[in-house]
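Take a look at the letters that make up each chain.
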Amino acid sequence: MSAVIKTTTPFIIKSVLFKALEAVGSEPKILTSDLASALRKGRTLAGDILTNRSDYNGCQFFHKQGERWVFLHDSDEYSARIESQLSDRKYIPVSQFLTVLSHAYDTAYQEHVEAVAEQERIRLESERKARVESTRQNAIAKAKAHGYSVKQSETATGQIQLVLTRTV
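Report on the accompanying structure. (Residues numbered from 1 in each chain as written. Predicted model: local features only at pLDDT ≥ 70, side-chain atom pairs only at ≥ 80, totals over all residues. Heavy atoms only, no water.)

**Concerning the overall build of the chain**
Line of reasoning, step 1. Along its length, the chain carries 3 helices and 7 strands.
Line of reasoning, step 2. Reading the secondary structure of the chain in the N-to-C direction produces α-β-α-β-β-β-β-α-β-β.
Line of reasoning, step 3. Every one of the 168 residues in the chain was classed for burial, and the buried ones make up 27%.
Line of reasoning, step 4. Intrachain contacts of the chain at a sequence separation of at least 6 include 46% that bridge at least 24 residues.
Line of reasoning, step 5. As displayed, the chain offers around 11,500 Å² of accessible surface, 53% of which is attributable to carbon and sulfur atoms. (Helix = DSSP H or I, 4+ residues; strand = E, 2+ residues; numbered from the N terminus. Buried < 20%, exposed > 50% of the residue type's maximum accessible area, 1.4 Å probe, protein only. Contact = heavy atoms within 4.5 Å. Areas by Shrake-Rupley, 256 points an atom, 1.4 Å probe, with all protein chains shown as cover.)

**Some details on the nonpolar core**
Line of reasoning, step 1. One finds Phe11, Leu17, Leu21, Phe62, Phe97, Leu98 and Leu101 to be the most contacted residues of the largest nonpolar core, which totals 17 residues.
Line of reasoning, step 2. Secondary-structure elements contributing two or more residues to this core are α1 (14-23), β4 (68-72) and α3 (94-145).
Line of reasoning, step 3. Core analysis: the second largest hydrophobic core is formed by 5 residues, Leu31, Leu50, Cys59 and Phe61 among them. (Core = buried A, V, L, I, M, F, W, Y, C linked by side-chain atoms within 4.5 Å.)

**With respect to the pattern of salt bridges**
Line of reasoning, step 1. For the structure on display, the rule yields 5 salt bridges.
Line of reasoning, step 2. Between Arg136 and Glu133 there is a salt bridge, with its nearest N and O atoms 2.5 Å apart. Here the residue Arg136 and the residue Glu133 both occupy positions in helix α3, the gap between them amounting to 3 residues, near one helical turn.
Line of reasoning, step 3. Of the residues examined, Arg136 reaches a relative accessible area of 15% and is grouped as buried.
Line of reasoning, step 4. According to the relative accessible area criterion, Glu133 is partly exposed, its value standing at 33%.
Line of reasoning, step 5. One salt-bridge network, held together by shared partners, links Glu120, Arg123 and Glu127. (Salt bridge = Lys/Arg side-chain N within 4 Å of Asp/Glu carboxyl O.)

**Examining α3**
Line of reasoning, step 1. Relative to the 76 Å expected for 52 residues at 1.5 Å per residue, α3 spans 74 Å between its end C-alpha atoms, a close match to the ideal helical length.
Line of reasoning, step 2. Inspection of α3 places Val94, Phe97, Leu98, Leu101, Ser102, Ala104, Tyr105, Ala108, Arg136, Ile140 and Ala143 among the buried residues, and these make up the whole buried set.
Line of reasoning, step 3. Packed against the buried residues of α3 are α1, β2 (49-55), β3 (58-65), β4, β6 (149-154) and β7 (160-165).
Line of reasoning, step 4. Once α3 ends, the next one or two residues include Gly147, with phi positive near 90 degrees. (Expected span 1.5 Å × (residues − 1).)

**Here's the deal with α1**
Along an α-helix, residues three or four apart share an orientation, since each turn contains 3.6 residues.
Line of reasoning, step 1. Turning to α1, its buried residues number three or more, namely Val16, Leu17, Ala20 and Leu21. Burial along α1 is one-sided: seen end-on, the buried residues are contained in an arc of 135 degrees.
Line of reasoning, step 2. As for α1, its buried residues are in contact with β2, β3, β4 and α3.
Line of reasoning, step 3. Within two residues after α1, Gly25 carries a phi angle of roughly 80 degrees, on the positive side. (Arc of directions from axis to C-beta.)

**Some thoughts on the pairing of β6**
Line of reasoning, step 1. The pairing of β6 with β7 spans 6 bridges and is antiparallel. Within β7, the residue paired with Ser149 across the bridge is Thr165.
Line of reasoning, step 2. What sits between β6 and β7 in their antiparallel hairpin is a turn of 5 residues, with Gly158 showing a positive phi close to 95 degrees. (Pairing = 2+ DSSP bridges.)

**Quick notes on unusual backbone geometry**
Line of reasoning, step 1. The backbone phi angle of Glu27 is positive, close to 45 degrees, even though this residue is not glycine.
Line of reasoning, step 2. Residue class for Glu27 comes out partly exposed when judged on its relative accessible area of 24%.

Any functional reading would require information beyond the geometric quantities listed.
Here it is in structure tokens:
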């Protein structure tokens, strides 16, 4: 028997998926090449994300197919359980698990977007400061080349004011 379960949220960003899995208590682990060959011959690859959920076929995991991370599991959920000493949660069906994970992914994705936006804001601010400093240095150098003495002050609004004086 097989089943197709679609989520409303495609799992695309590995770090966000990892955070979401941690949030729902799935204890994710990145599969190394040594474990991949021993765990499920031919089914798992290095880089897959393992969960603490298992079924008749073994550990349930996420595998990257194209641009998306896809959850691979036994659709019958025969012998399904959570293998963890840390988690006291009971096994929930895959469809319910993916719904909960989808909500956690959305939350983690919003945090990711905010972090990226903050990094971009910091980058733009540092570029702006570098541009202002470069303009200030160029203005001072040009004024000194023309024989002016330069006095610098800062206004109450944070703007730099250059006062150029030349004695005749």
